[in-house]
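Topology and contacts: notes
Residue-level listing of the chains:
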Amino acid sequence: MTDTPAAARRTPDRPLVVLENVNKHFGELHVLKDINLTVHEGEVVVVIGPSGSGKSTLCRTINRLETFESGRIAINGTELPDEGKELARLRADVGMVFQSFNLFAHKTILENVTLGPMKVRGMKPAAAKEHAMELLTRVGVDHQASKYPAQLSGGQQQRVAIARSLAMEPTVMLFDEPTSALDPEMINEVLDVMTELARSGMTMVVVTHEMGFARKAADRVVFMSDGAIVEENTPEQFFTNAQSARAKDFLGKILTH
Amino acid sequence: MIDLIEQAQLLPAFFLTIQLALWSAAFALILGTVIAILRLAPVGVLNALGASYVTLVRNTPLTLIVVACSLVLWGQLGIEPASRRLPDGSGNPDFISSLNFRLGVIGLSIYHAAFVCEAIRSGVNTIPLGQAEAARSIGLTFPQSLREVILPQAFRGAITPLGNVLIALVKNTTVVAAIGVFETAYRMRWIAEFRPADLMPGFALVALGFVILTLPLGLLVSHLSQRLAVKR
């Protein structure tokens, strides 16, 4: 693994995820305020910000697990359709990793990874299984393939969740606080897989509190506060020379420990 | 005692009770699942349809539904779920009994489907929201996520309430005596009428018979609910 500068491995700025003036309310609360964000192919965007700043909502809105009221979101040039088959097809191309893993509790690890390729992509069971085993090997849980999610540690479950998303061969992957529910000693095994994924050129939107990961793997850091994007910059610039008072205050609180 | 069982035809009566329960349970499970799917679907009209069914049927006495099956469904609307003729063209000597049996099954199924639906819905409530979100996020359509993720977990979470419905159904089969199905409760009435001296042992026998039917069901249900529970 080499530390190729992010800009070098990026294909010439093809926008993959585009959000334009996206607004969303939870009742009275304005959780997304005029969000404009473009994620290019191969880019790793890390979204950080205080709790309740709307960063998880932003992540979930991109594949429409959350609805929004105004604005538009397009993935790979296609605007998000309403609920239905079209949306399901689009979601298949967008990987999602949740804070609470959400592995299918009644299916084995292997079945978790093969379900999507077989049901959505129409893959043959043997081919799906072979592909799944490759991915499970890649994330280091191949020897647990016949177990059930509840028998695995949190870190292992989250790595399986990443493999489950990868099995769909997504064009972009969304991570919604993937390490927030993990015991401290398991965080790194998940971050390692994510870093490896970032280096392999996967387009990623990562909501996280892991500043080390943001510094190491991000091409761009997006700082959110109170439902709005306050600042965007390279990790270098953001962590050493934040522009807004809100970001300085946030960094001051988390980086002094 | 033996001669009471024979004269009152209690064994064939219990056999009929078991048949009623099995058929009704099967149809109620299918119909109840369909109604539960209506109530879960992301379509307002279907939700309303499912909710209306449950509200209407659950709050109607079973006797009313069963009698309506006989007097309205068959008597007025002429829907005849049994054939008057055998395949070879001769008259069906069992026409009335199989007609009444099937009308009884229809009534029992309609009634218990409402409870099956609610049991399944309670099973759905045991599933964390994230399971459905994960299903959607890998691109499964709503029917696919129901079949692959939601319903398999819902049934496992609903075994205890479904078992309760099944046990209630076994006992509720006695109501179809009202439309001339010669099951156990019908035979009870025969004992009361023709062997009044044996009323006490008669009651005891029938009660015992139902305990023999439902007790193992209860044990099986609690065994299954533990064995099939989804570990989280």
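Residues numbered from 1 in each chain as written. Chains lettered and ligands numbered in written order. Predicted model: local features only at pLDDT ≥ 70, side-chain atom pairs only at ≥ 80, totals over all residues. Heavy atoms only, no water.

This part is about the overall build of chain A. Each helix and strand in chain A was counted, giving 10 helices and 10 strands. Relative to its length of 257 residues, chain A is compact, with a C-alpha radius of gyration of 18 Å against a globular reference of 18 Å. For chain A, the residues scored as buried account for 56% of the 257 residues in total. For chain A, the share of sequence-separated contacts (at least 6 apart) that also reach a separation of at least 24 residues comes to 67%. For chain A, the exposed area adds up to about 11000 Å²; of that, 48% sits on carbon and sulfur atoms. (Helix = DSSP H or I, 4+ residues; strand = E, 2+ residues; numbered from the N terminus. Rg over C-alpha atoms; globule rule 2.2 N^0.38 Å. Buried < 20%, exposed > 50% of the residue type's maximum accessible area, 1.4 Å probe, protein only. Contact = heavy atoms within 4.5 Å. Areas by Shrake-Rupley, 256 points an atom, 1.4 Å probe, with all protein chains shown as cover.)

Let's shift gears to the overall build of chain B. Each helix and strand in chain B was counted, giving 10 helices and zero strands. Going from N to C terminus, chain B has its helices and strands arranged as α-α-α-α-α-α-α-α-α-α. Along the longest, intermediate and shortest principal axes, the C-alpha atoms of chain B span 65 × 40 × 35 Å. Within chain B, buried positions represent 42% of all 232 residues. Sequence separation of 24 or more characterises 75% of the internal contacts of chain B that already satisfy a separation of 6 or more. Surface accessibility of chain B: about 11900 Å² in total, with carbon and sulfur atoms responsible for 69%. Averaged over its 16 positive side-chain charges, chain B has a centre that lies 13 Å from the centre of its 11 negative ones. (Lys, Arg positive; Asp, Glu negative; His and termini not counted. Charge placed at Lys NZ, Arg CZ, Asp CG, Glu CD.)

Another aspect to go through is the interface of chain B and chain A. Listed by partner, the interface residues are 20 residues for chain B and 24 residues for chain A. Where chain B abuts chain A, roughly 1900 Å² becomes buried across the two surfaces, and 61% of that area is made up of carbon and sulfur atoms. Of all residues in chain B, the largest losses of buried area upon contact with chain A belong to B:Arg136, B:Ile138 and B:Glu148, amounting jointly to 32% of the total for that side. Connecting chain B to chain A are three salt bridges. Note that A:Lys107 is salt-bridged to B:Glu148, the shortest N-O span being 3.5 Å. On inspection of chain B and its partner chain A, the count reaches eight residue pairs in polar contact (both at pLDDT 80 or more). Broken down by secondary-structure element, the contributors of at least two residues to the side of chain B that touches chain A are α6 (129–137) and α7 (142–157) of chain B. Among the elements that line the side of chain B that touches chain A, the one with the most residues is α6(B), at seven residues. Grouping the amino acids of the side of chain B that touches chain A by side-chain chemistry returns seven nonpolar, seven polar and six charged. (Buried area = accessible area lost by both parts, 1.4 Å probe. Salt bridge = Lys/Arg side-chain N within 4 Å of Asp/Glu carboxyl O. Polar contact = N/O pair within 3.5 Å; in protein donor to acceptor, adjacent residues only side chain to side chain. Nonpolar A, V, L, I, M, F, W, Y, C, P; charged D, E, K, R; others polar.)

As a further point, take the packing of aromatic side chains. Residue and element names in this part refer to chain A. Evaluated as defined, the whole model comprises eight aromatic pairs over all chains. Here the aromatic rings of Phe-238 and Phe-239 are separated by 5.4 Å at their centres, their planes lie at 80 degrees, and the arrangement is edge-to-face. The class of Phe-238 is buried, set by a relative accessible area of 0%. Since its relative accessible area comes to 8%, Phe-239 is described here as buried. (Phe/Tyr/Trp six-rings, centres within 6.5 Å; stacked < 30°, edge-to-face > 60°.)

All names here are of chain A. Relative to the helices and strands, Ala-128 resides in helix α5 (residues 125–138). Under the relative-accessibility criterion, Ala-128 is labelled buried at 2%. With sequence-adjacent residues up to four places away left out, Ala-128 is seen in contact with Thr-114, Pro-117, Met-118 and Met-123.

Before going further, it helps to examine the confidence of the model for chain B. On average, residues of chain B carry a pLDDT of 94, and 100% of them reach 70 or more. Quick note on the complex model: pTM equals 0.87, ipTM equals 0.89. (pLDDT = per-residue confidence, 0-100.)

Our next topic: the side chain of A:Arg64. Residue placement: A:Arg64 occurs in the loop between α2 (55–62) and β4 (70–75). When sequence neighbours within four positions are dropped, the list of residues in contact with A:Arg64 reads A:Leu80, A:Pro81, A:Asp82, A:Glu83, A:Leu87 and A:Arg91.

Below, the discussion takes up the sheet that holds strand β6 (residues 94–97) of chain A. Residues and elements named next belong to chain A. Pairing is mixed across the open sheet formed by six strands, whose spatial order is β6-β7-β8-β3-β9-β10. Bordering the open sheet on either side are β6 and β10 (228–233), each of which pairs with just one other strand. Direction aside, neighbouring strands of the sheet carry axes that sit 20 degrees apart on average. Here β6 pairs with strand β7 (residues 172–176) via four bridges, running parallel. Directly across from Gly-95, in β7, lies its bridge partner Met-173. (Pairing = 2+ DSSP bridges. Axes fitted to C-alpha atoms, helices over the stretch in contact; angles between N-to-C directions.)

Residues and elements named next belong to chain A. Taken together, four strands build an open sheet; the order of strands is β2-β1-β4-β5 and the sheet is antiparallel. For this open sheet the edge positions go to β2 (29–40) and β5 (78–79), each flanked by a neighbour on one side alone. In the sheet, β4 pairs with β5 via two bridges, with the strands oriented antiparallel. Considered in β5, the bridge of Ile-75 is made with Thr-78. Sheet strands in contact with α2 are β1 (15–26), β2 and β4, and its direction is about 120 degrees off that of β1.

This part covers the nonpolar core. Grouped together as the largest cluster of nonpolar side chains are 56 residues, with contacts concentrated most on A:Leu19, A:Ile35, A:Val47, A:Leu58, A:Leu174 and B:Ile120. Looking at this core, the element that brings in the most residues is helix α5 (residues 95–124) of chain B, giving six residues. For A:Val47, the contacting residues outside a window of four places in its chain are A:Lys55, A:Leu58, A:Val205, A:Val206, A:Val207, A:Thr208, A:Val222 and A:Met224. (Core = buried A, V, L, I, M, F, W, Y, C linked by side-chain atoms within 4.5 Å.)

Let us look at a nonpolar patch on the surface. On the surface, B:Trp23, B:Phe27, B:Ile30 and B:Val34 cluster together into a nonpolar patch covering about 420 Å² of accessible area. Tracing the sequence through the fold places B:Val34 in helix α2 (residues 10–40). (Patch = residues over 30% accessible without salt bridge, like charges linked within 9 Å, V, L, I, M, F, W, Y side chains within 5 Å.)

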